[in-house]
Amino acid sequence: MNIGIIDYGMGNLLSVYNAIDYLGFKCEIINSSNLLSRFDKFILPGVGAFESCINNLERKNFISGLNNEVLYNKKPILGICLGMQVMAKKGFEGGEFNGLGWLDASVIKIKTKDQNIKVPNIGWNKIDFQKQNLLFKNLNGLVEVYFVHSYHMDCHDKTNIIATTKYGHQITAAVNKDNIYGTQFHPEKSQDLGLQILENFLIL
């Protein structure tokens with residue numbers, strides 16, 4: 001099983017790589033779309049702004065290649081944080097921008113009337129499972145994971161939501177549609193529980 005980590009110039013590549021390597025899986029950082037066909041599964045990490053992310057993916061010719069591998073060849077992919085957000089149809093960070101369009105969703109800023117709730121959301125939050133999913137196999141009881149984000153995914157198709165978190169209001173914490181998975185939180189920074197989630201994706 002070859003795992004490809006997409007390098008489009010934004011993201012915690014080494015953190016994700018080290019977590020996968022620790023779990024004993026073979027992985028490689030991919031910086032060319034020509035290499036995509038060699039891999040069985042992909043991870044799309046991300047830190048930063050929606051517009052920059054989608055522009056970088058386009059500039060490095062990843063979009064058409066990922067569409068082919070994910071949508072047509074049905075290879076599993078896990079988007080992490082911004083990597084999940086760009087799977088949406090639209091993002092509204094600093095304007096309105098088209099995403100990959102894999103999920104019927106928009107990415108909007110976290111808004112809260114509670115003065116004690118700070119944006120960005122940085123730190124550990126409990127997630128609530130909305131349905132059974134292989135991504136959460138072997139997770140029981142309280143599950144707290146690490147978030148760093150100011151924007152969140154507003155899913156128009158609620159069936160794609162597999163976990164939420166409460167941060168002023170209900171926020172999408174994880175999604176799944178067919179072979180497409182995403183986490184708003186960072187499993188690679190979420191200690192043992194995060195590693196279990198990563199492993200669950202890797203053994204799908």
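Located above this text is the structure these notes cover.
Residues numbered from 1 in each chain as written. Predicted model: local features only at pLDDT ≥ 70, side-chain atom pairs only at ≥ 80, totals over all residues. Heavy atoms only, no water.

*Asks:* How would you summarise the pairing of strand β13 (residues 180-183) if you had to cite specific residues and measurements?
*Replies:* A two-sided burial pattern is seen for β13, the buried positions comprising Ile180 and Gly182 on one face and Tyr181 and Thr183 on the other. Strand direction decides the pairing type here: strand β4 (residues 77-80) and β13, joined by four bridges, are parallel. Following the sheet pairing, Ile77 is matched in β13 by Ile180. Note that strand β12 (residues 169-177) and β13 share four bridges and pair antiparallel. Looking across to β13, one finds that Lys177 is bridged to Ile180. Connecting β12 to the antiparallel partner β13 that follows it, the hairpin turn spans two residues, and Asp178 within it adopts a positive phi of roughly 55°. (Buried < 20%, exposed > 50% of the residue type's maximum accessible area, 1.4 Å probe, protein only. Helix = DSSP H or I, 4+ residues; strand = E, 2+ residues; numbered from the N terminus. Pairing = 2+ DSSP bridges.)

*Asks:* Before we move on, could you go through unusual backbone geometry and cite the residues and values that matter?
*Replies:* Cis geometry is adopted by the peptide bond preceding Pro120, which originates at Val119 and carries an omega value of 10°. For Lys74, which is not glycine, the phi dihedral falls at a positive 60°. When you line up the elements, Lys74 lands in the loop between α3 (62-72) and β4. Located in the positive-phi region is Asp178, a residue other than glycine, with phi close to 55°. With respect to the helices, strands and loops of the structure, Asp178 is situated in the loop between β12 and β13.

*Asks:* How would you summarise helix α2 (residues 50-59) if you had to cite specific residues and measurements?
*Replies:* For α2, the full list of buried residues reads Phe50, Cys53, Ile54, Asn56 and Leu57. The buried residues of α2 occupy an angular sector of 160° when projected down its axis, which confines them to one face. Of the residues flanking the end of α2, it is Asn61, one or two places downstream, whose phi is positive at about 60°. (Arc of directions from axis to C-beta.)

*Asks:* For the packing of aromatic side chains, give the residues involved together with the corresponding values.
*Replies:* In this structure the tally under the stated criterion is four aromatic pairs. When the ring of Trp124 is compared with that of Tyr146, the centres are 5.7 Å apart and the planes differ by 65°; the resulting orientation is edge-to-face. One end of the pair, Trp124, is in strand β8 (residues 121-129); the other, Tyr146, is in strand β9 (residues 144-149), with 22 residues separating them in the sequence. Its relative accessible area of 40% is what places Trp124 among the partly exposed residues. The ring of Phe201 carries the charged tip of Lys41 above its face, separated from the ring centre by 5.5 Å. (Phe/Tyr/Trp six-rings, centres within 6.5 Å; stacked < 30°, edge-to-face > 60°. Lys NZ or Arg CZ within 6 Å of the ring centre and 35° of its normal.)

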